There are 2 protein chains.
Amino acid sequence: MEIDLGRNVFEANVQLAKKLKAVFDDNGVFVINLMASPGAGKTSFILKTIESLKDDVAIAVIEGDIASAVDAEKVRAAGVPAVQINTGGACHLDGRMIKGALTHLNLDEIDLLIIENVGNLVCPAEFDLGEDIKVVISSISEGDDKPLKYPRIFSEMDALIINKIDLLESSDFNMDDFARSIAGLNPAAGVFEISCKTGQGFDDWIAWLASKLK
Amino acid sequence: MEIDLGRNVFEANVQLAKKLKAVFDDNGVFVINLMASPGAGKTSFILKTIESLKDDVAIAVIEGDIASAVDAEKVRAAGVPAVQINTGGACHLDGRMIKGALTHLNLDEIDLLIIENVGNLVCPAEFDLGEDIKVVISSISEGDDKPLKYPRIFSEMDALIINKIDLLESSDFNMDDFARSIAGLNPAAGVFEISCKTGQGFDDWIAWLASKLK
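Heads up: these notes are all about the structure in this document. Computed from a predicted structure; not experimentally measured.

**Description of the overall build of chain A**
Part 1 of the reasoning: Across its full length, chain A holds 8 helices and 7 strands.
Part 2 of the reasoning: The globule rule puts the C-alpha radius of gyration for 214 residues at 17 Å, and the 17 Å found for chain A is close to it.
Part 3 of the reasoning: Its C-alpha atoms put chain A at 50 × 45 × 30 Å along the principal axes.
Part 4 of the reasoning: Out of the 214 residues belonging to chain A, those deemed buried represent 57%.
Part 5 of the reasoning: In chain A, 73% of the contacts between residues at least 6 apart in sequence involve partners at least 24 apart.
Part 6 of the reasoning: On chain A, roughly 8800 Å² of surface is accessible, and the fraction owed to carbon and sulfur atoms is 50%.
Part 7 of the reasoning: Distance between charge centroids for chain A: 4 Å, based on 20 positive and 34 negative side chains.

Have a look at this one:
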């Protein structure tokens, strides 16, 4: 009975995600589902992406958190519309929450929608949100073994942002081991070594993203 | 129906956790449920705690991960028995998994059992494991806003380890803001600023833990 119910929840989300994808496509909105551990730098990454693109691309952001509105406030301060979803206790966003958030956005006026998922390497991987691409941020300070421990999210991503690259030299993070794990799980993903702090590597990510935009 | 089933799952775990607690108490085993984000330093913290205490205290470790056995291997290399639980896809440990792991441990020979939960600030907070204390690690590199975003886990902990304190000066982590959030959520928790890398602050944690052991 538990398993059946679980399957229904997942299956209902799959169907809703397909509908959301069609709505986004109809409106010419490119959607990123951004996933990472707490503190990997999701909001900093969004703010820096906004800074690089906002003169040419109409961006909006949906912020997912268990509680608080601090992230949406930061995004709004950068001059971009943001909707904060507070999940209460849920460990991931789902299609239903995105559908609700869309009532606060005018898709006609948006080219790029970035959805910041709840900080978590597990549950968000199981729920599509109608996105075009999944982007995962993994930061140097988290260590090089994360792909081994959380294989699903690293298998399903379209791009991997290795953030806090400025900390590489002072850490024991082994980039060869990390790259080998990623290549084993997901050789097709775009990989970008960046630092939101110093700006290193950001141009490559922006060029890659710009090439994907509708 | 979803809600009822959810309640049953939680309630069943509450009952099992109580039974586990009684088993641990009967055997004089003090149990820590250690929770943190991926990469906050849980395994390094366990290894350093083992190093400090293993001459005086019989320690065992249960390692919880979605996949891989890298953590249990590290703990065994430190000369301590370790059981690896792979949750498959589940985002937290639960009482049933701990009950299964106990068949691989001799509780008679253990004074201190450290359970490393799945790296996740959300789901582990909802499932007691029969522990005596909950310990949360939050690292400087994750940023100072984590208590605002994940209030439940910070509200329920008995001790907070602020790890990677060696990175404080080179980061924009605001310790006053962080301390204010913690004081608001959980003024009774023991708070320890440490670095697993340099050893700073570790003696205070060990002294506090030693005072709790049965």
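**What about the sheet that holds strand β7 (residues 190–193) of chain A?**
Residues and elements named next belong to chain A.
Part 1 of the reasoning: The strand order across the open sheet built from 7 strands is β3-β2-β4-β1-β5-β6-β7, with neighbouring strands paired in parallel fashion. This sheet does not close on itself; its edge strands, each paired only once, are β3 (82–86) and β7. Across the sheet, the mean angle separating the axes of adjacent strands is 20 degrees when strand polarity is ignored.
Part 2 of the reasoning: Across 5 bridges, strand β2 (residues 59–65) lies against strand β4 (residues 112–116) in parallel orientation. Following the sheet pairing, I59 is matched in β4 by L112.
Part 3 of the reasoning: Against the sheet, helix α2 (residues 42–53) engages β1 (30–36), β2, β4, β5 (133–139) and β6 (159–163), with an angle of about 175 degrees to β2.
Part 4 of the reasoning: Each of β2, β3 and β4 touches helix α3 (residues 70–77); the most contacted strand, β3, lies at about 175 degrees to it.

**Observations concerning the interface of chain A and chain B**
Part 1 of the reasoning: Chain A puts 37 residues into the contact, and the matching count from chain B is 37 residues.
Part 2 of the reasoning: Taking both partners together, chain A and chain B bury about 2600 Å²; carbon and sulfur atoms supply 62% of that area.
Part 3 of the reasoning: Scanning the region where chain A abuts chain B turns up 2 salt bridges.
Part 4 of the reasoning: The salt bridge partner of D71 of chain A is K149 of chain B, with a shortest N-O separation of 2.6 Å.
Part 5 of the reasoning: Among the elements of the structure, α1 (2–26), α3 and α5 (146–149) of chain A are those that each provide at least two residues to the side of chain A that touches chain B.

**Describing the sheet that holds strand β7 (residues 190–193) of chain B**
All names here are of chain B.
Part 1 of the reasoning: On the basis of which strands lie adjacent, the open sheet formed by 7 strands has the order β3-β2-β4-β1-β5-β6-β7 and parallel pairing. Each having just a single partner strand, β3 (82–86) and β7 make up the two edges of the open sheet. Neighbour-to-neighbour, the strand axes of this sheet turn through a mean angle of 20 degrees, independent of strand direction.
Part 2 of the reasoning: With 5 bridges connecting them, strand β2 (residues 59–65) and β3 associate as parallel partners. The residue bridging E63 from the neighbouring strand is Q84, located in β3.
Part 3 of the reasoning: Against the sheet, helix α4 (residues 95–102) makes contact with β2, β3 and β4 (112–116), and its axis sits at roughly 140 degrees relative to β3, the strand it touches most.

**Considering helix α7 (residues 175–185) of chain B**
Think of an α-helix as 3.6 residues a turn; residues three or four steps apart then line up on the same face.
Residues and elements named next belong to chain B.
Part 1 of the reasoning: Turning to α7, its buried residues number three or more, namely M175, F178, S181 and I182. In a view along the axis of α7, the buried residues occupy a sector of 125 degrees, so they form one face of it. Those residues of α7 that are exposed and aimed more than 90 degrees away from the buried face are D176, R180 and G184.
Part 2 of the reasoning: Looking at the buried residues of α7, the elements they touch are β5 (133–139), α5 (146–149), α6 (151–156), β6 (159–163) and β7.
Part 3 of the reasoning: Put simply, N174 is the residue that caps the front of α7, since its side-chain oxygen is 3.0 Å from the backbone nitrogen of D176.

**Points about the relation of the copies chain A and chain B**
Part 1 of the reasoning: Of the transformation superimposing chain A on chain B, the axial component is 0.0 Å and the angular component is 180 degrees, with the fit at an RMSD of 0.0 Å. One copy is carried onto the other by what is essentially a two-fold rotation axis.
Part 2 of the reasoning: Here 100% of the interface residues in chain A have copies in chain B that are interface residues too; the copies meet face to matching face.

**Overview of the packing of aromatic side chains**
Residue and element names in this part refer to chain A.
Part 1 of the reasoning: Enumeration over the complete set of coordinates arrives at 14 aromatic pairs over all chains.
Part 2 of the reasoning: Centroid distance F10 to F127: 5.2 Å. Interplanar angle 35 degrees. Geometry classified as tilted. Of the two residues, F10 is situated in helix α1 and F127 in the loop between β4 and β5; the sequence distance between them amounts to 117 residues.
Part 3 of the reasoning: Here F10 falls in the partly exposed class, since its relative accessible area comes to 35%.
Part 4 of the reasoning: A network of ring pairs unites the aromatic residues F45, F192, F202, W205 and W208 as a single cluster.
Part 5 of the reasoning: Between the NZ or CZ atom of K48 and the centre of the ring of F202, over which it lies, the distance is 5.7 Å.

**What about the packing of helix α2 (residues 42–53) of chain B against helix α3 (residues 70–77) of chain B?**
Residues and elements named next belong to chain B.
Part 1 of the reasoning: Between α2 and α3, the shortest axis-to-axis distance is 10 Å and the interhelical angle comes to 15 degrees. Relative to α3, α2 is oriented roughly parallel. The handedness of the crossing between α2 and α3 is right-handed. Contact with α2, carried on its side by T43, I46, L47 and I50, involves D71, K74 and V75 of α3 and no other residues of that element.
Part 2 of the reasoning: A per-class count over the contact of α2 with α3 returns 4 nonpolar, 1 polar and 2 charged.

**Some details on the pattern of salt bridges**
Opposite charge on two side chains permits them to pair, given that their charged atoms come into close proximity.
Part 1 of the reasoning: Per the stated rule, a full pass over the model turns up 20 salt bridges over all chains.
Part 2 of the reasoning: Close ionic contact of R180 of chain A with D177 of chain A constitutes a salt bridge, the shortest N to O distance being 3.1 Å. Residue R180 of chain A and its partner D177 of chain A are located together in helix α7 (residues 175–185), separated by 3 residues, close to a single helical turn.
Part 3 of the reasoning: With relative accessibility at 34%, the residue D177 of chain A sits in the partly exposed group.
Part 4 of the reasoning: The structure contains a network of salt bridges with shared partners spanning D71 of chain A together with D145, K146 and K149 of chain B.

Rules of the game
Along every chain, residues carry numbers that run from 1 in the direction the sequence is written. Here chains are named by letter from A upward and ligands by number from 1 upward, in the order in which they appear as written. Restriction of local features to residues with pLDDT of at least 70 applies here, the model being predicted, together with a cutoff of 80 or more for giving and counting side-chain atom pairs; totals for whole chains, interfaces and linings are based on all residues. Side-chain numbers come from the whole structure's heavy atoms, not from hydrogens or water. Helix and strand labels come from DSSP, where a helix needs a run of H or I of at least four residues and a strand needs a run of E of at least two; each type is numbered from the N terminus. Within these notes, the globule rule equals 2.2 Å times the number of residues to the 0.38 power, and the radius of gyration is based on C-alpha atoms. Any residue under 20% of the maximum accessible area for its type is buried, any over 50% is exposed, and the rest in between are partly exposed; the area is computed with a 1.4 Å probe on protein chains only. In this analysis, two residues are considered to be in contact whenever any of their non-hydrogen atoms come within 4.5 Å of each other. Using the Shrake-Rupley algorithm and a 1.4 Å probe, accessible areas are obtained, with residue cover drawn only from the displayed protein chains. Positive charges come from Lys and Arg alone, negative charges from Asp and Glu alone, with His and the N- and C-terminal ends not counted. To locate a charge, the coordinates of NZ of Lys, CZ of Arg, CG of Asp or CD of Glu are taken. Pairing between strands is defined by DSSP: at least two bridges between them are needed. Each axis is a line fitted through C-alpha atoms, taken for helices only over the stretch in contact, and angles between the N-to-C directions span 0 to 180 degrees. Here the quantity called buried area is the total loss of accessible area, with a 1.4 Å probe, experienced by two parts when brought into contact, counted for both. Here, a salt bridge means any Lys or Arg side-chain nitrogen found within 4 Å of an Asp or Glu carboxyl oxygen. Throughout, the arc means that of the directions going from the helix axis to the C-beta atoms. Pairing of N or O atoms within 3.5 Å defines a polar contact, subject to two protein rules: one partner must be a possible hydrogen donor and the other a possible acceptor, and residues neighboring in sequence count only if both atoms are side-chain atoms. Our superposition of the copies is a least-squares fit, built on the C-alpha atoms of residues whose pLDDT is at least 70 in both. In this scheme Phe, Tyr and Trp rings, the latter by its six-membered ring, pair at centre separations within 6.5 Å, and the angle between planes marks the pair as stacked below 30 degrees, edge-to-face above 60, and tilted otherwise. Cation placement over rings: the criterion is NZ of Lys or CZ of Arg within 6 Å of the ring centroid and within 35° of the ring normal. These descriptions rest on fixed angle ranges, namely under 35 degrees for roughly parallel, over 145 for roughly antiparallel, 65 to 115 for roughly perpendicular, and the rest for oblique. Each crossing is labelled by how the near helix is turned from the far one, with a counterclockwise turn of less than a right angle marking it left-handed and a clockwise turn marking it right-handed. Amino acid classes used here: Ala, Val, Leu, Ile, Met, Phe, Trp, Tyr, Cys and Pro are nonpolar; Asp, Glu, Lys and Arg are charged; the rest, including Gly, are polar.

On their own, these measurements won't tell you what the molecule is for.
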